[in-house]
Amino acid sequence: MKFAAKLLLENGISFEGIGFGFKKIGVGEVVFNTAITGYQEILTDPSYDGQIITFTYPHIGNTGINFEDNESKKISARGLIVKNFCDFPSNYRSKMSLEKFLLEQKVICISDIDTRHLTRILRDEGCKIGAIYPSKYFTDEEADSEIKKFGSMDGKNFIENVAVSKSYAYGAPETKKKFKIAAVDFGIKENILRILKQMGGDVTVMPPTTTAEEIAALKPDGIFLSNGPGDPKVLTKAVYEVKQMMKLEVPIFGICLGHQIMSLAYGLKIEKMTFGHHGANHPVHDLKNNLVFITSQNHNFAVAGVDDREDIAITHKSLFDGSIQGIEHNEKPFYSIQCHPEASPGPKEFEVLFERFFEDMNA
Amino acid sequence: MPKREDIKTILIVGSGPIVIGQACEFDYSGTQACKALRDNGYRVVLVNSNPATIMTDPEIADATYIEPVDWQTLEKIIEKEKPDAILPTMGGQTGLNVSLELAKRGILEKHSVEMIGANREAIDNAEDREKFDKCMKDLGLETPRSGFAHSMEDAWKIHKDIGLPCVIRPSFTLGGTGGGIAYNLKEFEEICMNGLKLSPTKELLIDESLVGWKEFEMEVVRDKNDNCIIVCSIENIDPMGVHTGDSITVAPAQTLTDKEYQEMREASFKVLRRIGVETGGSNVQFAQDPKTGRLVVIEMNPRVSRSSALASKATGFPIAKVAALLAVGYTLDELKNDITDGKTPASFEPTIDYVVTKIPRFNFEKFPETDSRLTTQMKSVGEVMAIGRNFQESFQKAIRSMENGLNGLSSILKENEGNGAIKLELSTPGEKRLWYIADAFRRGWSMDEVFVSCKVDSWFLHQIKDIVEDEKIIANSNLEQIETDTLKSYKKKGFSDARIADLLKINEQSVREYRYKLNIHPVFKRVDSCAAEFDSTTNYLYSTYEEFNESEASSNKKIIVLGSGPNRIGQGIEFDYCCVQAALAFREENIETIMINSNPETVSTDFDVSDKLYFEPIVAEDVFEIIRHENPHGVVVQFGGQTPLKLTEEFEKNGIKILGTPPSSIDTAENREKFKTFLSDFNFLQPENRIAQTIEDAKKAVEELSYPVIVRPSYVLGGRAMELIYTDSDLSNYLTNVANISAENPLLVEKFLDDAVELDIDVICDGEKTLIGGVLQHIEEAGIHSGDSSCSFPPYSVGDTQLHALKKEIKAVAKKLNVIGLMNAQVAIKDDKFYMIEVNPRASRTIPFLSKCIGNSLAKIASKVIIGKSLEDLGLDAEIMPTNYAVKAPVFPFNKFRKVDPILGPEMKSTGEVMGRGDCFGEAFGKAIKGAGEDIPNQGSVFVSVKDNDKKYLPDLCFKLQRLGFQIFATKGTAKALKDTDVKVKIINKVLEGRPHIVDAILNEEIDMIINTTEGRQSIKDSFSIRRSALEHNIFLTTTISGGFAIVESLEKGVENWGYKPLQSS
């Protein structure tokens, strides 16, 4: 059922619209995602914990929700903002409407606002903390105080909300040759696990608190460090453990937050970006092979300060803003990537990156 | 990798005349390619026979050949210009086919010309269905179950295998010509026979029918490093079974999950790689089973296409320009994305934050004999596009851009039509299926019932149903009771003021006033290819009802140019050419130029042609909102044909300044009474005429005037419903079946000037002086619509003294009519007397042709005059005299419409035109015919059958033909006229005179050319089979005696003596 809803930003700007989903105050960092397809994957991506997602594409919900495309079991995002909310989905795989999913997951959505205007604000002024709320049930003051309570994204750790607390094995590998992979879960996307499994990974998903010692005990062929939400700078313990893992002499592959943690382990700097990268059309330049990949992206932090280093090198850069997208160690089989080679949603062409991981584990 | 340095000169092949399936989108892409390559230092040689294009403007290429686009001509030009490379991918199917022919004949190799952008193998793989099928199998991609037939025998075998219904497509034909869906054996045989005839390779692809499957297109660009991007996805609202060109489509695809979208994306790249498209743009078409998601590849085009033009306009990503640069060695990451001011590279995928809807425009009313059901053969002649922040808004904006009298999802079901009619319209669609769907909902059909009948995805059906439900609410309200938020919500869904007014049964003005009172206005948003992720200052804008406005109105002096809307017969690319020239002229004078247009195929909607582009419907409501926001110095209406002219009255009422010729002059010229008075001061007669408000009036008028007469409804475009009447029975048939005569719809009955010479004169007047742009002589006699006549510049059979006198009179007319800018006059000369047929104080269809003839852009000069320059200031007080002959020839869509008579008359039927240039009339005419895709035979048998009035010319004509070596065949009656001459005639039966008759002779390939003139409904009907079988057997046919003489002149010159000169050298 529709209801009157409002979006309030920390800078006082507010939008009135129509609410869908669960009637509560949803507070988080408002970001925008420019992907046209894949709202189901985006909503269920654990990396969005603590954030409210603005979809720039104006029709959301068209294909409903199916049972196959989730990236995790739940919606981690704190709310969503759309231009037109579709309550009559059409797709042969659709099992329920987006509205029903939001209700089940207790997530609020605001629609019918000028999302392009909002996007311009976020682009020009940077991401803002904001709150979506049913305007009949909550006052602007209540929303504002929730925003203040939420405070800044700096130093926030959402990983406990999204990662496993106990190790588990992720299904049987689908190839003859098997590789033992220790995947540290900071909020891992399901499709990463699917790909690892498909390519022959005998994957053990491990909690974010896993130590290098525990990993060593598993005797893996390779270590995988996953994506995840929030500010990487607070993950000092994880960074420390990754430093230790780097002594284990097995290939390490990190994606997104995993990439940032590895970078911190190298002693690199992490900077918060103005509005980050969230979309499925970002060109990434592969410097070694001089190729361009169109990639899926979702991050608000970027690695900096590789230039004067001799032990590591930049392998990939964003063609949008020149930011670092990939780093590798010059001697050891360590490499990491900022964007999402597992796609889902987004272009699948960067999946080739996983091949290197398997080649190195094979070596 | 930077561009290639080993190439210096590049030959670009244009697409020739506008035909169904190949319209001005190739002018847009070709122009972009020429500009991009020249900017990069290449010498560009261009061949295109279509003078109405921007690309053939002398400034666009280094050497421009307005010559027939065929391999013979291209070989001559290659010999002369010695290009290093040929770019075949910008000229549609024509460009591709001709380039392939040049390769196959070894001509490219002989002259060391490299094919860039696509190679022979890739073209073959994509176009040859058998090879294509194999490629897809190699990739593990599914194609429809199918088979290839090279004979009827093959066809029957395949039929056994795949059953009915099935889709039949002839190979290598344009816009799917000759293709169709067969539901029964009779249709199967008919379509196969016809297709075998039409396919140049005598090949048919017969496919399992996927009727009702969802249809998608992906626009792909690839560079030589194998970087691939999708520029845009397109979803067809009309499911499989209707040609994409005839389907209502949306961008981006609306009903795909990311998984399905990525599957198509990956498949598209694989297809490009396998087919071998190394660089450039291509499109890949898919069908998807709505029940299982099974994906099937339908086809791919290894070139820029209609869809890529649409994708470029839909996203702002210039596919043709990028494709041209990739062809010379650049890679995507080296190119900048212009629309973000170069902030991002071209190697990304555009993302959009709006919805684009394209609706095709048809002209079935001009071909009443043809079946107006939509099939896999394209039949539309133009299209509109509209942008909105939701589907409903973009859809309803597109509807009102169509200029077909509909301002929304108006009910079109007749009172007496029931569910049966709806069912039929839903399952065998015509051009208005979505309107019938709306009517089905109005009549209470359920979602499922509608879906089962039409197979349109329920997402779209819900959108339509929602509009219908809102309409019900509106219809039950009173204007003053509609609250601000409610009205806003209607406007957000794209309801026009006019539609709301219709529903409330009040006038549009009241709704507008009420809306203004509530202060509800649209804002303007930018098309930026990145969904606002990056700041962009490119002024490519659209309106929507939201909060934040992105279009900053400057305080500069600015002018709005109104475009010409969708292409249709009677209003085509010529007017877009004029609009572009106007924009260029104003920008040269440092005036901020604002373009408004709704046609995605055009150059005028290229965002860098003007300072600001509003991609909007050209109707009062939307134009007023732009004017309100921009507050321009004035509006220019004289270049876009009828579309902007229709708005003049509204502009005047609202105090909006019209630049150039004042509206009162337009009125004088269009109002018959006023014009009659006006003309009394001049040395012009007018064909005698009467206005009839009743059938009795009309009969009386004919009695007074005597036959033959021309009849026409009072307000017409392109001669709609105009007819030449010779007999009482023709007249009563017309009055009862064609004309809907009434006091509001009076009929003009005009004495027809038999045997008159008709002239078109275009002039520019600055208020004082008048410049004669040129005088064109129609080759066909009066009575044939000027748009359908071939014409010659300069006139080839009118004396200088007469011409001089005529020009003097016309100059005076222009001055007295207060023309500022362009004026066109149509004059007939009969018995040394001048008759004024009509005067149009605006740009005419002949402006681009004439401009090419005289090497000076008349529309540009006129634009400068409009903003106050005198002809003297511009150094243009003397008429520019031609240095050679040029002939304009029309091109007809008769082969797309089965059962249509290819006879010419007062109603315009041509879709495009070509230009032939030469030292003499004969050469120019011959080239024009060749450019139009026909071959005048230089030997063999000619069949003559002419109307009585033409018989006096027959001895001369036939004698000349005989001297050229032709054997003359004639019907008994016609032969009589040759009895006392040296002409040896073989008599042949008319169809009604028993067999063997002329049609038998045609079928037996005994006839090479036909000269068939006729008059009167009955004799036209009797001789129909001659013309139709000539058309179907590619036998050269002319339906006028003057056409016959022109052929003789052309043959006397001889093809071997033709010369080829670029525009720039003359």
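Residues numbered from 1 in each chain as written. Chains lettered and ligands numbered in written order. Predicted model: local features only at pLDDT ≥ 70, side-chain atom pairs only at ≥ 80, totals over all residues.

Next up on the list: the overall build of chain B. Scanning chain B from terminus to terminus reveals 36 helices and 38 strands. The C-alpha atoms of chain B give 28 Å as radius of gyration, which agrees with the globular expectation for 1066 residues (31 Å, within 12%). Across its three principal directions, the C-alpha atoms of chain B cover 80 × 65 × 65 Å. Considering only intrachain contacts with a sequence separation of at least 6, the fraction spanning at least 24 residues in chain B is 71%. (Helix = DSSP H or I, 4+ residues; strand = E, 2+ residues; numbered from the N terminus. Rg over C-alpha atoms; globule rule 2.2 N^0.38 Å. Contact = placed C-beta atoms within 7 Å.)

In this section: unusual backbone geometry. Residue and element names in this part refer to chain B. A cis amide bond, omega -10°, links A251 with the succeeding residue P252. Among the structural elements, P252 can be located in the loop between β12 (249-251) and α9 (258-275). Residues R995 and P996 are joined by a peptide bond in cis, for which omega reads -5°. With respect to the helices, strands and loops of the structure, P996 is situated in the loop between β36 (985-987) and α34 (998-1003).

All names here are of chain A. By the assigned domains, chain A splits into domain 1 (3-150) and domain 2 (159-362). The C-alpha centroid of domain 2 is placed 27 Å from the C-alpha centroid of domain 1. Across the boundary between the two partners, domain 1 contributes 23 residues, which contact 23 residues of domain 2. Broken down by secondary-structure element, the contributors of at least two residues to the side of domain 1 that touches domain 2 are β3 (26-33), α1 (39-43) and α3 (115-125). The biggest single contributor to the side of domain 1 that touches domain 2 is β3, with 3 residues. Here the residues of the side of domain 1 that touches domain 2 are counted per class, giving 8 nonpolar, 10 polar and 5 charged. (Domains from an automatic or database assignment. Nonpolar A, V, L, I, M, F, W, Y, C, P; charged D, E, K, R; others polar.)

Below, the discussion takes up the packing of helix α6 (residues 129-139) of chain B against α9 of chain B. In a packed pair of helices, the relevant descriptors are the angle between the two axes and the axis-to-axis distance. All names here are of chain B. Where α6 meets α9, the closest approach of the two axes is 10 Å, and the angle between their N-to-C directions is 125°. Of the possible angle classes, the one that applies to α6 and α9 is oblique. Relative to α9, the crossing made by α6 is right-handed. In contact with C135, D138 and L139 of α6, α9 contributes K270, V271, R274 and I275. When its residues are assigned to classes, the contact of α6 with α9 shows 4 nonpolar, no polar and 3 charged. (Axes fitted to C-alpha atoms, helices over the stretch in contact; angles between N-to-C directions. Parallel < 35°, antiparallel > 145°, perpendicular 65-115°, else oblique. Left-handed = near helix turned anticlockwise from the far one by under 90°.)

Right, let's get into the environment of S268 of chain B. Tracing the sequence through the fold places S268 of chain B in helix α9. Not counting residues within four places of it along the chain, the set of residues in contact with S268 of chain B comprises M218, V220, I230 and V284 of chain B.

Turning our attention to helix α17 (residues 484-492) of chain B. Considered for burial, the residues of α17 of chain B that qualify are L487, Y490, K491 and K492 of chain B. Two residues or fewer past α17 of chain B, G494 of chain B is found with a positive phi of approximately 90°. (Buried ≥ 20, exposed ≤ 12 C-beta atoms within 10 Å, placed from the backbone.)

Residues and elements named next belong to chain A. Mapped onto the elements of the fold, P89 is located in the loop between β7 (84-85) and α2 (98-105). When the C-alpha atoms of P89 and S296 are compared, they prove to be 25 Å apart, with 207 residues separating the residues in sequence. Setting aside anything within four residues of it in sequence, one finds P89 in contact with G61, N62, T63, G64, S94, S97 and L98.

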